[in-house]
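# Results of the structural survey
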Amino acid sequence: MSDNASTARHETSTRLYYETGDVDAFYDAVWGGEDIHVGIYDDPREEVAAASRRTVEHAANAVADLLGPDAVVLDLGAGYGGSSRVLAERFGCRVVALDLSEEHNRRHRAANARHGLDHLIDVVTGSLNHLPFEAGRFDVVWSLEVLCHVTDRGGALAEALRVLKPGGALVFSDIMVGETTPAEAVRPATSRLGVQRLATVSSYQEHLDRLAVKADFEDLTEHLATHYARLDQEVRGRTDQLREVISAAYLDSLLDNLPQWVDITGRGLLRWGLFHARRPERG
């Protein structure tokens, strides 16, 4: 199978997973239905949605100097649009939000209209590996925990930098495997999400080095174990409520899978954090 065919097949399976009603209902009930990210926790007992929103605000702070009413941001893998709305509302910038799923994009557009932000956010269906934008269009390219679902991560990063203005910022987070962690040690947990393999911090830095961009990495791994422990607690504490909105089969898969995440994050097998790079100005 060609690389293009393999990428297309993987994108289709990822899209179909995230478009299921069970997944939407789970994210709504447990994650708040806005910012579906690993959270930054001030307290290990706080709501998942609050910690997830803190991640968005924290990433925004890293590029705040570039954002304002004249700026344009590309939100890659925008999902339900939580990040896009935060950026548009906080900075008054324009946001182009790209996601594989037209189902998510319809939900995203409706939420933008309810919040009175549809004039600032354009929602586009597309692939991270083939961005339908001209070179040098965006002041900031943004992506939170999406690249783990991409098979050609180097190609996606090359596309992100292609559409970034000189002097613009690339900011992204991802869940990664530890440098010495065997892939088979985490595969039982990640398989539910259709993730074939996870990147490492060094592999991302190597991709960016080859693209002549230096990236800072902020290690936020300390929050991973708290995050998955909170998800597991929420699902187990609200099982009866969740049975009313998601199928028994999907709930059973969560009850089986989340403890695996609790285990591997508790043992330090994964890493999570924020990469921040600036494209060099023209000489």
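Here the structure is shown first, and the text comes after it.
This text gives an overview of the structure that appears in the document. Because the structure is predicted, anything quoted here is derived from the model rather than measured.

Quick look at the side chain of Asp75 now. You can see Asp75 is positioned in strand S1 (residues 72–76). A distance of 2.7 Å separates polar atoms of two side chains, one belonging to Asp75 and the other to Ser84. With residues near it in sequence (within four places) discarded, Asp75 still touches Ser83, Ser84, Val95, Val96, Ala97, Leu98 and Trp142.

Moving on, we come to the sheet that holds strand S7 (residues 270–278). Reading across from one edge, S3-S2-S1-S4-S5-S7-S6 is the order of the 7 strands in this open sheet, with mixed pairing throughout. Looking along the sheet, the strands with just one partner apiece sit at the ends: strand S3 (121–125) and strand S6 (215–219). With strand direction ignored, the average angle separating the axes of adjacent strands in the sheet is 15°. Strand direction decides the pairing type here: strand S2 (residues 94–99) and S3, joined by 5 bridges, are parallel. By the bridge assignment for S3, Asp99 is matched with Thr125.

All right, on to the environment of Leu274 then. Considering the arrangement of structural elements, one finds Leu274 in strand S7. The exposure class of Leu274 is buried, given its relative accessible area of 7%. Taking C-alpha positions, Leu274 is 19 Å from Glu34, a pair spaced 240 residues apart along the chain.

For the structure on display, the rule yields 21 salt bridges. Among the salt bridges present, the one from Arg107 reaches Asp28, with a minimum N-O distance of 2.4 Å. Within this pair, whereas Arg107 is found in helix H5 (residues 102–114), its partner Asp28 is found in helix H2 (residues 21–31), the two being separated by 79 residues in sequence. Taking the relative accessible area as the measure of exposure, Arg107 reaches 27% and is therefore partly exposed.

Turning next to the packing of aromatic side chains. Inspection of every chain in the model, using the stated rule, returns 11 aromatic pairs. Ring geometry for Phe26 versus Tyr250: centroids 6.3 Å apart, planes at 65°, classification edge-to-face. Here Phe26 is found in helix H2, whereas its partner Tyr250 is found in helix H11 (residues 248–266), with 224 residues between them in sequence. The buried category is assigned to Phe26, whose relative accessible area is 3%. On the accessibility criterion, Tyr250 (9% relative accessible area) is buried. Ring geometry for Tyr27 versus Tyr80: centroids 6.4 Å apart, planes at 70°, classification edge-to-face. Taken together, the residues span a long stretch of sequence, with Tyr27 in helix H2 and Tyr80 in the loop between S1 and helix H4 (82–91) at a distance of 53 residues. The class of Tyr80 is buried, set by a relative accessible area of 4%. Aromatic ring contacts, followed pair by pair, group Phe26, Tyr27, Trp31, Tyr80 and Tyr250 into a single cluster. Residue placement shows Arg107 over the ring face of Tyr80; its charged tip is 3.8 Å from the ring centre.

In a regular helix each residue adds 1.5 Å, so 15 residues correspond to 21 Å; helix H3 (residues 48–62) covers 22 Å between its end C-alpha atoms and thus fits that length. Turning to H3, its buried residues number three or more, namely Val48, Ala51, Ser52, Thr55, Val56, Ala59 and Ala60. For H3, the elements touching its buried residues are H2, H4, strand S4 (138–144), strand S5 (164–177), helix H9 (222–237) and S7.

Looking now at the nonpolar core. Leu87, Trp142 and Leu270 are the most contacted members of the largest nonpolar core, which totals 61 residues. For Trp142, the residues in contact, after removing those within four places along its chain, are Val56, Ala59, Ala60, Val73, Leu74, Asp75, Leu76, Ser83, Leu87 and Val171. One finds Phe133, Val163, Met176 and Leu208 within the second-largest nonpolar core, a separate group that totals 31 residues.

Looking now at the environment of Thr125. Looking at where Thr125 falls in the secondary structure, it is placed in strand S3. C-alpha separation for the pair Thr125 and Lys214, spaced 89 residues apart in sequence, amounts to 29 Å. A polar contact is formed between the side chain of Thr125 and the side chain of Glu102, at a distance of 2.3 Å. For Thr125, the side chain forms a polar contact with the side chain of Asn105, separated by 2.8 Å.

Time to look at the packing of H2 against H9. Where H2 contacts H9, the two axes come as close as 10 Å, and the packing angle between them is 100°. One way to sum up the angle between H2 and H9 is to call them roughly perpendicular. On H9, the residues that touch Phe26, Val30 and Trp31 of H2 are His227, Leu231, Glu234 and Val235. Residue composition of the contact of H2 with H9, grouped by class: 5 nonpolar, 1 polar and 1 charged.

Here we come to the side chain of Asn129. Position of Asn129 relative to the elements: it lies in the loop between S3 and S4. The exposure class assigned to Asn129 is buried, which follows from its relative accessible area of 11%. For Asn129, the side chain forms a polar contact with the main-chain oxygen of Asp152, separated by 3.0 Å.

Calculation notes
- Residues numbered from 1 in each chain as written.
- Predicted model: local features only at pLDDT ≥ 70, side-chain atom pairs only at ≥ 80, totals over all residues.
- Heavy atoms only, no water.
- Helix = DSSP H or I, 4+ residues; strand = E, 2+ residues; numbered from the N terminus.
- Polar contact = N/O pair within 3.5 Å; in protein donor to acceptor, adjacent residues only side chain to side chain.
- Contact = heavy atoms within 4.5 Å.
- Pairing = 2+ DSSP bridges.
- Axes fitted to C-alpha atoms, helices over the stretch in contact; angles between N-to-C directions.
- Buried < 20%, exposed > 50% of the residue type's maximum accessible area, 1.4 Å probe, protein only.
- Salt bridge = Lys/Arg side-chain N within 4 Å of Asp/Glu carboxyl O.
- Phe/Tyr/Trp six-rings, centres within 6.5 Å; stacked < 30°, edge-to-face > 60°.
- Lys NZ or Arg CZ within 6 Å of the ring centre and 35° of its normal.
- Expected span 1.5 Å × (residues − 1).
- Core = buried A, V, L, I, M, F, W, Y, C linked by side-chain atoms within 4.5 Å.
- Parallel < 35°, antiparallel > 145°, perpendicular 65-115°, else oblique.
- Nonpolar A, V, L, I, M, F, W, Y, C, P; charged D, E, K, R; others polar.

Structural measurements only, silent on function.
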